[in-house]
Amino acid sequence: MTRATTAFTRHAGVIGAPVRHSLSPTLHNAAYEALDLDLVYGAYEVQPGDAGAALAGATALGFVGISVTTPHKDAIARASDDRTRRVELLGAANSVAIRDGKSLADSTDGEGLLDDLARSFGFDPSGARCAVLGAGGAARDVVLSFADAGAAQVVVVNRSASKAAAASELAGDRGRVGSLDELGDFDVVINATSIGLLPDREADEVARSFAANVRAGQLVVDLVYRPSRTLFLELASASGARTRNGLGMLVHQAARQVEFFTGLEAPIEVMWASVEREATS
Ligand code: NAP
């Protein structure tokens, strides 16, 4: 980033721990430069327990907004002055817009995924049968987004049954807990577990059990983007599924944050170009 800052420059940034791996500064700064805004975006390592103080500080400093990653999503949902319906339902936020000293929390991950699937495959979630593997924060956001977009069924498959039930409830009467052996019945299968993040023998076994149940022609997504091709995606692709990693979701959730913070249309192609070397799925 070569833009000079002045006494007029405004600020935004991502808080998390760890945060140094984050692509958010790359994505956001590319967008603000293309929009010709005097706005810079940084990355801030904030320790567990300090999220509320970080939000208060960002508000006092006149930040336009903050992005929020692990482990602060729940704390920021509580600490914000106001929150969208999505955040009320999820109990977690990945972004906060700050206007006139007031903070409004939102969650853009699931909608970012749907934006990417629409852009890359022309996928329309309305009436679709969707399976979500996992029931953590990302899975819950995806379940809610599919339901809000009119999916016919949203089935959650997860190691911990109680978390699966809680996540499936976000889809109301179109949600239920399911099992791996029915994965082939769905139009789209989203792996929202973290098994692809740090592959080891146990995670590889789980990936094989997931992939054994997908079929040719299905749309199969892994929310992980590092590595760009998880074992699950490799195996699903070998079965003839159409596959996608999580990089597009990352780009599009950031684009929604840019719009949330600035009120301007995000320059999506510029944002894609800023992380293009990662886009190998
Ligand atoms: P999380 O809240 O920690 O949830 C992790 C989920 O993975 C839980 O459902 C957990 O099951 C399941 N899991 C973990 N290890 C497992 C194993 N060995 N076998 C079976 N299930 C296992 O994490 P999260 O925040 O939802 O994130 C999930 C993934 O999405 C991560 O890989 C993250 O990097 C990715 N993500 C991507 C984006 C993007 O923009 N592309 C955005 C957000 C998240 P239990 O409930 O049984 O523990």
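Up top is the structure.
Residues numbered from 1 in each chain as written. Predicted model: local features only at pLDDT ≥ 70, side-chain atom pairs only at ≥ 80, totals over all residues. Heavy atoms only, no water.

1. Some words on the packing of helix α8 (residues 201-211) against helix α9 (residues 231-238)
Basically, it comes down to this: Lines fitted to C-alpha atoms define the axes here, with helix axes fitted over just the stretch in contact, and angles between the N-to-C directions of these axes take values from 0 to 180 degrees. Numbering goes from the N terminus for both helices and strands, where a helix is a DSSP run of H or I of at least four residues and a strand is a run of E of at least two. Between 65 and 115 degrees an angle is taken as roughly perpendicular, under 35 as roughly parallel, over 145 as roughly antiparallel, and anywhere else as oblique. Less than a right angle of anticlockwise turn of the near helix away from the far helix marks a crossing as left-handed, whereas a clockwise turn marks it as right-handed. We call two residues in contact whenever any of their non-hydrogen atoms come within 4.5 Å of each other. The residue classification treats Ala, Val, Leu, Ile, Met, Phe, Trp, Tyr, Cys and Pro as nonpolar and Asp, Glu, Lys and Arg as charged. All others, Gly included, are polar.
Where α8 contacts α9, the axes come no closer than 9 Å and their chain directions differ by 30°. Taken together, the axis directions place α8 and α9 in an arrangement best described as roughly parallel. Between α8 and α9 lies a crossing whose hand is right-handed. Here D204, A207, R208, F210 and A211 of α8 come into contact with α9, specifically with L231, F232, L235 and A236. Taken together, the residues of the contact of α8 with α9 sort by class into 7 nonpolar, no polar and 2 charged.

2. Here we look at the side chain of N191
The cut-off we apply is this: For every residue, the accessible area obtained with a 1.4 Å probe (protein chains only) is divided by the maximum for its type, and the residue is called buried under 20%, exposed over 50%, and partly exposed between those limits.
Inspection of the secondary structure assignment puts N191 in strand β10 (residues 188-191). Residue N191 is classed as buried on the basis of its relative accessible area, which comes to 0%. Beyond its immediate stretch of four places on either side in the chain, N191 contacts L133, F210, V221, D222, L223 and F232.

3. Let's talk about the pattern of salt bridges
In plain terms, the rule: In the sections that follow, a salt bridge refers to a side-chain nitrogen of Lys or Arg positioned within 4 Å of a carboxyl oxygen of Asp or Glu.
For the coordinates displayed, the defined rule picks out 12 salt bridges. Across the salt bridge formed by D116 and R244, the nearest N and O atoms sit 2.9 Å from each other. Here D116 is found in helix α5 (residues 109-121), whereas its partner R244 is found in strand β12 (residues 242-244), with 128 residues between them in sequence. When its relative accessible area of 1% is taken as the criterion, D116 is described as buried. The exposure class of R244 is buried, given its relative accessible area of 13%. Close ionic contact of R229 with E234 constitutes a salt bridge, the shortest N to O distance being 3.9 Å. Accessibility expressed as a relative area gives 24% for R229, which makes it partly exposed. We classify E234 as partly exposed; its relative accessible area is 41%.

4. Structural notes on the pairing of strand β1 (residues 10-16)
So the rule is basically this: Place the viewer so that the strands point away; then a crossover is right-handed whenever the path from the first strand over the helix to the second strand goes clockwise. At least two DSSP bridges between two strands are needed for those strands to be called paired.
Summarising burial for β1: 5 of the 7 residues are buried, a large majority. What joins β1 to strand β2 (residues 39-45) is helix α1 (residues 24-34), and the crossover it makes is right-handed. Across 4 bridges, β1 lies against strand β3 (residues 65-68) in parallel orientation. Paired with A12 across the two strands is G65, which belongs to β3.

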